[in-house]
Amino acid sequence: MKKILVTGAAGFIGSQLAHRLWKDGEDVVLLDNFSYGLEDNLIFDDVDFRNEILRVDVRDRKSVLDLFRDNEFDAVYHIAGITPLPDCQMDPAEAVEVNVMGTVVILEAARRFGAGKVIFASTSAVYENNDDFPSVEGHVVPPGLIYPNTKYSAESFCRSYAETYGMNVTCLRFANVFGPHIDCLRKQPPVLGYLIREFYFDRSPVLHSSGEQKRDFVYVDDLVDLAVRVQDGTGFDVVNVSTNTVHSINEMTEITARAMGKEHIKPSYVTADNYWKKYPELYEGAYTISEKALADEVEKYTCLDNSHAREKYGWIPRVDFETGIRRTVEFGVEAIERRGGAANG
């Protein structure tokens, strides 16, 4: 049995990773400050983690050091972070403190007390300025927006600790992750969560641009499987977590409507810039955000090469797009009903 720490354990990905590790018989320690995490994510059919999770902020150096001092962690999954792009763009200092400094706090604690392995949750957003597809781990055109910059900077610290101290550190660059426990009710949910919410309340989802934007989507169970596989890797590594295939937002919308019996509800379309009008702070100040940067984010195409994951770790994504959406819809509808509709979304 290994002792494993999961930060961000009340989040969409962290909770399911913790559950998988627990089912594998590991001694799992869960940590989250609940700035984005939900208690609902900690409830599974076979276990309830709500009374076990530690409510700690990864920036709290003393608490994190004490935790590592009191536990000999075989592995640490650092999933905690601020991931909504608008939140990072509106409060860059907070994003840097959590996503970069929080990562350094974890790395330093792992160094001091000898954690066997650190796995860091990075993002495919680091490829936002790449125009060569599928994107490969060894080629990143430096990103421009705040969120991918925080993750790219944190990756640099991961590499630094691995090369300077001989630590074992792997950075996982997640493609667009979907699956059960996705938050359908937050202010700016992931696109599939948004679609489930709108269809549930019989509202027409508003899609930005044509809906033909194509992204690389990976199902959360497949991601978790790869996260477990990389645990034994040594040295420093960066791994794309992706399917190396793409699907459009329109395709996702159609499958979701069909799965929910809402085919009669059709989406409406607005220009790309409408996505950002919900965040007026971005347009305030002497220098306002580039319209091109905003449009590019909405229109972006993503496709990540996953040959490294396949060849080194023997990983193959197994859940197809439609099956994954149907599973997500089933959980999402139950979650909305469990939370009483949250004032009609």
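As the structure is a prediction and not an experimental result, all values here were calculated from the model.

The rules behind the values
Residues numbered from 1 in each chain as written. Predicted model: local features only at pLDDT ≥ 70, side-chain atom pairs only at ≥ 80, totals over all residues. Heavy atoms only, no water. Salt bridge = Lys/Arg side-chain N within 4 Å of Asp/Glu carboxyl O. Helix = DSSP H or I, 4+ residues; strand = E, 2+ residues; numbered from the N terminus. Buried < 20%, exposed > 50% of the residue type's maximum accessible area, 1.4 Å probe, protein only. Contact = heavy atoms within 4.5 Å. Axes fitted to C-alpha atoms, helices over the stretch in contact; angles between N-to-C directions. Parallel < 35°, antiparallel > 145°, perpendicular 65-115°, else oblique. Left-handed = near helix turned anticlockwise from the far one by under 90°. Patch = residues over 30% accessible without salt bridge, like charges linked within 9 Å, V, L, I, M, F, W, Y side chains within 5 Å. Areas by Shrake-Rupley, 256 points an atom, 1.4 Å probe, with all protein chains shown as cover. Lys, Arg positive; Asp, Glu negative; His and termini not counted. Charge placed at Lys NZ, Arg CZ, Asp CG, Glu CD. Pairing = 2+ DSSP bridges. Right-handed = clockwise from strand over helix to strand, strands pointing away. Core = buried A, V, L, I, M, F, W, Y, C linked by side-chain atoms within 4.5 Å.

Caption draft 1: Inspection of the pattern of salt bridges at higher detail. This structure, assessed with the given rule, holds 26 salt bridges. A salt bridge links Arg-173 to Glu-155; its shortest N-O distance comes to 2.7 Å. With Arg-173 in strand 6 (residues 169–174) and Glu-155 in helix 5 (residues 146–165), this pair connects stretches of sequence that are 18 residues apart. Among the charged side chains, a salt-bridge network with shared partners connects Arg-20, Asp-24, Asp-225 and Arg-229.

Caption draft 2: Inspection of helix 6 (residues 191–200) at higher detail. With eight of its 10 residues buried, helix 6 lies for the most part within the structure. All buried positions along helix 6 are accounted for by Leu-192, Gly-193, Tyr-194, Leu-195, Ile-196, Arg-197, Glu-198 and Phe-199. Buried positions along helix 6 lie against strand 7 (176–178), strand 8 (206–208), helix 8 (249–260) and helix 11 (321–338).

Caption draft 3: Representation of the packing of helix 8 against helix 11 in the model. Their axes nearest at 9 Å, the elements helix 8 and helix 11 cross at an angle of 55°. On the basis of the axis angle, helix 8 is oblique to helix 11. In terms of crossing hand, the pair formed by helix 8 and helix 11 is right-handed. Counting all contacts with helix 8, which are made through Glu-251, Met-252, Ile-255, Thr-256, Arg-258, Ala-259 and Met-260, the residues of helix 11 involved are Phe-321, Glu-322, Ile-325, Arg-326, Val-329 and Val-333.

Caption draft 4: Representation of a negative patch on the surface. Where like charges cluster on the molecular surface, the negative patch consists of Asp-45, Asp-46, Glu-330, Glu-334 and Glu-337. Position of Glu-337 among the secondary structure elements: in helix 11. Assessed through its relative accessible area of 47%, Glu-337 is described here as partly exposed.

Caption draft 5: Representation of the pairing of strand 6. Most of strand 6 is tucked away, with six of its six residues classed as buried. Here strand 6 shows two buried faces, one formed by Val-169, Cys-171 and Arg-173 and the other by Thr-170, Leu-172 and Phe-174. Note: strand 5 (residues 118–123) against strand 6, six bridges, orientation parallel. Of the residues in strand 6, the one forming a bridge with Val-118 is Val-169. For the segment spanning strand 5, helix 5 and strand 6, crossover handedness is right-handed.

Caption draft 6: The arrangement of the nonpolar core in detail. Val-6, Leu-17 and Tyr-77 are the most contacted members of the largest nonpolar core, which has 68 residues in total. Here the element with the most residues in this core is helix 7 (residues 220–229); it accounts for six residues. Residues in contact with Leu-17, not counting those within four places in the same chain, are Val-6, Tyr-77, Ile-79, Val-224, Ala-227 and Val-228. In this structure, Phe-73, Ile-106, Ala-115 and Val-118 belong to the second largest nonpolar core, which totals 29 residues.

Caption draft 7: Expanded view of the pairing of strand 1 (residues 3–7). Counting buried positions along strand 1 yields four of five residues, so the element is predominantly enclosed. Pairing analysis gives five bridges linking strand 1 to strand 2 (residues 27–32), with the strands arranged parallel. Each residue of the ladder has a partner; that of Thr-7, found in strand 2, is Leu-31. Regarding the hand of the β-α-β motif, the stretch spanning strand 1, helix 1 (residues 12–23) and strand 2 is right-handed. In this structure, strand 1 lies alongside strand 4 (residues 75–78), joined through four bridges in parallel fashion. Looking at strand 4, one finds that Thr-7 is bridged to His-78.

Caption draft 8: Structural context of helix 7. Summarising burial for helix 7: eight of the 10 residues are buried, a large majority. Within helix 7, burial applies to Val-220, Asp-222, Leu-223, Val-224, Asp-225, Leu-226, Ala-227 and Val-228.

Caption draft 9: Region of the structure containing the sheet that holds strand 3 (residues 54–55). An order of 3-2-1-4-5-6-11 is seen for the seven strands of this open sheet, with the pairing classed as parallel. Edge positions in the sheet fall to strand 3 and strand 11 (236–241), since each of these pairs with one other strand and no more. Across three bridges, strand 4 lies against strand 5 in parallel orientation. When the sheet's bridge partners are listed, Tyr-77 is paired in strand 5 with Ile-119. Where helix 1 meets the sheet, it contacts strand 1, strand 2, strand 4 and strand 6, and its direction lies at approximately 165° from that of strand 1. Its contacts with the sheet put helix 4 (residues 92–113) on strand 1, strand 4, strand 5 and strand 6, and the angle it makes with strand 4 is roughly 180°.

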